[in-house]
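# Notes for the structure review
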Amino acid sequence: MQRSRIFVLAMAVILLLSLGLAPALAQDCEGEVIELEFMNWWGAHREALMDTLIGHFEAENPCIRVINQVQPWDNRAELLATAAASSNPPGIIMSTRPETYQFALSGLIIPIDAYVEAEGTDISVFYDGEIGLQYWNGELYGLPMPTAGLISPLYFYNKNMLRDAGFDPESPPTTWQEMEEVARALTVADAMGVEVLGTNLGSNGDAFVFWLYTNNGKYSSDDGRTLLFNSAEGVETLEWMVNFTNEINGGIENMTDFFQDTNFSQGDHPFFDDALAILHINSAAFGHLNNVAPDLYWDTDSWGVMIRPYNGENPDAKHTGVTGYNFVGAWAYTIPAAHPPEKQAAAYKFAEFIGVHELGGCAFLFAQSRPSPVKACNENPDYYEINPYWDKVKEALAVDAPVQITPVQGQLAEILTNSVEEAFFGVKSAEDALNDAHAEMQALLDEFWAEFDANNM
Amino acid sequence: MHASIDAKRDNETAWKVRLQEWWFRNRALIGYAFIFPWFAGFIIFDAMPFIYNLYLSFTDYQIGTVGTPPWIGIENYTEIFTDDKLFGKSMFNTLYYLGYSVPLRLIFAFSIALILNLRVRGMELYRTLFYVPSVVPLVAATVIFAGFLNTRYGFLNQFLVLIGAAPVRWLSSPDAIKPSLILLSLWGFGAQMIIFLAGLQGIPEDLYEAAAIDGGTGWHRLFYITLPLMTPTIFFNLLIGLIDGFQVFEQVFILIGTHGGPLQAGLVYMLHVYNKAFRDFEFGYAAALSVVLFLIIFVLTVMLVYTSNRWVFYGDAQDDET
């Protein structure tokens, strides 16, 4: 009896509170509430985190209601293209750098320089390399979050496997040659393919560019008009990748098979089964590892983090990461041109909150143990409490180098990937593959710039 | 007074008669009313997009084009046939896929239909079991198939190793990608099987009885009765299979992604169209590629229909001619 009274009383209090709070929240906005559809690809596993961010934003901006539209990764290209090109696009869109450039070139999104000035947003809080990637043709189109950096410069390694093979787990490979030695010692293959893998270098255009920079090579000139990847360093890099993959890993097909149907973010990956010693992966992996294997995450005797090895035989080579090259990384929040100014202004407020606010991207990324494109956020000492390798993260951020690209990057990257694959499958030599790719890509790039220059004369 | 009432009644009767006559003359309207929903759907969702697509194929329509896209005449078509390396590659891959998958699926579906046409106890259950894979959504079927094709753990390779054969790198070798896609295409044989089964059940029993009396074996019955009488059904399934095969997309997209697998050995035509539209945002060019595909399918269909007179046996038509 007593219990039922308490229960009824509690229900009544909850009801009164909810009735009382709802109007109170609604009353905070004295004008019209603007609804902002937020099209993003943060995934269902981060939806609650993003909802928290949105909650903080709405508390500060009661007249803006953000609708968190988490999109499925499948069919992403067509979802994004049709949404952006429609007459009623989302209020704000999460897009990658090549997409941002394509939309900017097409006039689908607006530059935000005027808002930055009007709102007094201090964009110097970002790393230069991060905010710099969001400019196209001298205009700023989005504020970055997460980092474009830390896509390539880190690797995770299995200390137990190194220890068992007689290597010092506290001194993981820092050069190509040391990594080769570890991989040769650890890789086990049979007729069905690889059973235990030292490491996979990757076999597409992205992987080639990542390794190219660790051999003191460059993808393109600083103005983005000339492609430079078929240099002597480029040929040496691709030859090394092909030879490594063929001699140590048994060929590119072994690598495709080894990683088929695996997913690191879901914990279904050879790294968790002591079947992969060195994994080249981006900084999102910290959050995934903590999420799917928290015990392992805190067991720093079992795994470690190191900076991507460089070519120890090239005196000019050093640890280098690549930012903004292609699809992954360099995300920003862009504002469609199709909306009225008040909605665009609301979208900018949200983009600014995501970008620079402490409770925005800063807190969102902190919760995932990954770095922010805002310098001050990464100085938070609490990062050391949630990321056992925070020093390495900061070290890796310092070695990232931006790459200049254009709106036709998607097509260029596809051509490069095809040629790199031809080298891996032995259809062409590394040199011929790169030269052929260069000729085709440079022609496409020249065509783009010719049209661009003609339209902007 | 009576005269006016009679006149009114006469008028009403005449009006009713006229209405009945009009209705009788135009009784086809009820048929049109029934087909109207389909017809409206066809106009709105097929014909209009087709015409608009045809128009776009002559323009440089790109994402974000505001207003009328610039007219560039046949430039897109010229580029397809002169500059586009992936046009030839994707067309070859598609034709290879068609060349194997269509006949194999026809043979497979027809063979299963023949078995399921036997008079065996519990046949309804067997028919259901064989049809079940066809009602599995394509996405789910493809994901399941990807598991089957796994080099190390997949069912197919485990089976090959069991019988002493070498494992195949189904999804990682450029040579095996197209056979993998062809294998996957067999999964959806159920629809064709049902059509074949319906056709088989329409063959008069007395023809088989007559053949049996004349000493015809099972093979004789198959080759001299079943196959000739099934040619209209085979023709229909062949036509639909070809049209479907040219447009193969979803399973390839799921199985090997937009790149088309190693060395783009699985880059089928529709994947190329997809990439042009949604990766490169060249919608005008993608529209032109679609028109080219339409023309190829159209010409092939016309050719098939034209040549069908020589090998498709329509019983009634033969009777009329005699």
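Computed from a predicted model, the values in this text were never measured in an experiment.

So, about the overall build of chain A. Of regular secondary structure, chain A possesses 19 helices and 14 strands. By principal-axis analysis of the C-alpha atoms, chain A measures approximately 70 × 70 × 35 Å. Per-residue burial over chain A gives 54% buried out of 457 residues. Contacts spanning at least 24 positions in sequence make up 74% of the contacts within chain A whose residues lie at least 6 apart. Of the roughly 18,900 Å² of accessible surface on chain A, a fraction of 52% belongs to carbon and sulfur atoms.

Let's shift gears to the state of the cysteines. Residues and elements named next belong to chain A. One pass over the structure, following the stated rule, counts two disulfides over all chains. Here Cys-29 engages in a disulfide with Cys-63; their sulfurs sit 2.1 Å apart. Classification of the bridge connecting Cys-29 and Cys-63 rests on its S-S torsion, roughly 110°, and on that basis the disulfide is right-handed. Taken together, the positions of Cys-29 in the loop between α1 (2-28) and β1 (34-40) and Cys-63 in the loop between α2 (47-60) and β2 (64-70) put the pair 34 residues apart, joining distant regions of the chain. Residue classification places Cys-29 among the buried residues on the basis of a relative accessible area of 10%.

Next up on the list: unusual backbone geometry. All names here are of chain A. Geometrically, the link from Met-145 to Pro-146 is a cis peptide bond, its omega value of 0° lying close to zero. Here Pro-146 lies in the loop between β6 (143-144) and β7 (154-158). Positive phi, close to 55°, is recorded for Asn-137, a residue that is not glycine. Along the polypeptide, Asn-137 turns up in the loop between β4 (135-136) and β5 (139-140).

Residue and element names in this part refer to chain A. Spatially, the five strands line up as an open sheet ordered β2-β1-β3-β13-β6, and their pairing is mixed. Looking along the sheet, the strands with just one partner apiece sit at the ends: β2 and β6. Sheet analysis places β6 next to strand β13 (residues 332-334), joined by two bridges and oriented antiparallel. Counted as the bridge partner of Pro-144 is Ala-332 from β13. Against the sheet, helix α14 (residues 341-356) touches β1, β2, β3 (92-95), β6 and β13, its axis set at about 50° to β1.

The next subject is the interface of chain A and chain B. Across the contact, 32 residues belong to chain A and 31 residues belong to chain B. Roughly 2,700 Å² is buried in total at the junction of chain A and chain B, and carbon and sulfur atoms are behind 52% of that figure. Inspection of the chain A/chain B interface yields five salt bridges. One salt bridge connects Glu-253 of chain A with Arg-169 of chain B, and the closest N-O pair in it is separated by 3.6 Å. If you list the elements that add at least two residues to the side of chain A that touches chain B, you get α3 (76-85), α4 (97-106), β9 (193-199), α11 (252-259) and α18 (409-424) of chain A. In terms of residue count, the dominant contributor to the side of chain A that touches chain B is α18 of chain A (seven residues). Among the residues forming the side of chain A that touches chain B, the class breakdown is 10 nonpolar, 12 polar and 10 charged.

As a further point, take the packing of helix α4 (residues 85-116) of chain B against helix α9 (residues 190-201) of chain B. Residues and elements named next belong to chain B. Look at α4 against α9: their axes get within 8 Å of each other, and the N-to-C directions meet at 50°. When the axes of α4 and α9 are compared, the pair comes out oblique. The two elements α4 and α9 meet at a crossing, and its hand is right-handed. Taken together, the residues of α9 that come into contact with α4 (itself represented by Arg-105, Leu-106, Ala-109, Phe-110, Ile-112, Ala-113, Leu-114 and Leu-116) are Gln-192, Met-193, Phe-196, Leu-197 and Leu-200. Along the lines of polarity and charge, the residues of the contact of α4 with α9 split into 11 nonpolar, one polar and one charged.

Turning to the domain arrangement of chain B, a few remarks are in order. Residue and element names in this part refer to chain B. Here the domain parsing of chain B yields domain 1 (2-56) and domain 2 (76-321). For domain 1 versus domain 2, the distance between C-alpha centres works out to 42 Å. Listed per partner, the contact involves four residues of domain 1 and six residues of domain 2. Approximately 390 Å² of surface area, both sides summed, lies buried where domain 1 meets domain 2, with 67% of it carried by carbon and sulfur atoms. In terms of surface lost to domain 2, no three residues of domain 1 exceed Phe-50, Asn-53 and Leu-56, which account for 81% of the buried area on that side. In this assembly, domain 1 and domain 2 are joined by one residue pair in polar contact (both at pLDDT 80 or more).

Let us look at a nonpolar patch on the surface. Residue and element names in this part refer to chain B. Taken together, the side chains of Trp-15, Leu-19, Trp-22, Trp-23, Leu-29, Ile-30, Tyr-32, Phe-34 and Ile-35 present a nonpolar region at the surface, about 1,000 Å² in accessible area. When contributions to the nonpolar patch are tallied by element, the ones reaching two or more residues are α1 (2-25) and α2 (28-56). Of all the elements, α2 adds the most residues to the nonpolar patch, at five residues. Take Leu-19: it is sitting in helix α1.

Another point: the side chain of Thr-245 of chain A. All names here are of chain A. For Thr-245, the position within the fold is in helix α10 (residues 232-247). Judged by its relative accessible area of 1%, Thr-245 is buried. Leaving out residues up to four positions away in the same chain, Thr-245 has contacts with Gly-250, Gly-251, Ile-252, Met-255 and Phe-424.

Rules and cut-offs
- Residues numbered from 1 in each chain as written.
- Chains lettered and ligands numbered in written order.
- Predicted model: local features only at pLDDT ≥ 70, side-chain atom pairs only at ≥ 80, totals over all residues.
- Heavy atoms only, no water.
- Helix = DSSP H or I, 4+ residues; strand = E, 2+ residues; numbered from the N terminus.
- Buried < 20%, exposed > 50% of the residue type's maximum accessible area, 1.4 Å probe, protein only.
- Contact = heavy atoms within 4.5 Å.
- Areas by Shrake-Rupley, 256 points an atom, 1.4 Å probe, with all protein chains shown as cover.
- Disulfide = S-S within 2.5 Å.
- Pairing = 2+ DSSP bridges.
- Axes fitted to C-alpha atoms, helices over the stretch in contact; angles between N-to-C directions.
- Buried area = accessible area lost by both parts, 1.4 Å probe.
- Salt bridge = Lys/Arg side-chain N within 4 Å of Asp/Glu carboxyl O.
- Nonpolar A, V, L, I, M, F, W, Y, C, P; charged D, E, K, R; others polar.
- Parallel < 35°, antiparallel > 145°, perpendicular 65-115°, else oblique.
- Left-handed = near helix turned anticlockwise from the far one by under 90°.
- Domains from an automatic or database assignment.
- Polar contact = N/O pair within 3.5 Å; in protein donor to acceptor, adjacent residues only side chain to side chain.
- Patch = residues over 30% accessible without salt bridge, like charges linked within 9 Å, V, L, I, M, F, W, Y side chains within 5 Å.

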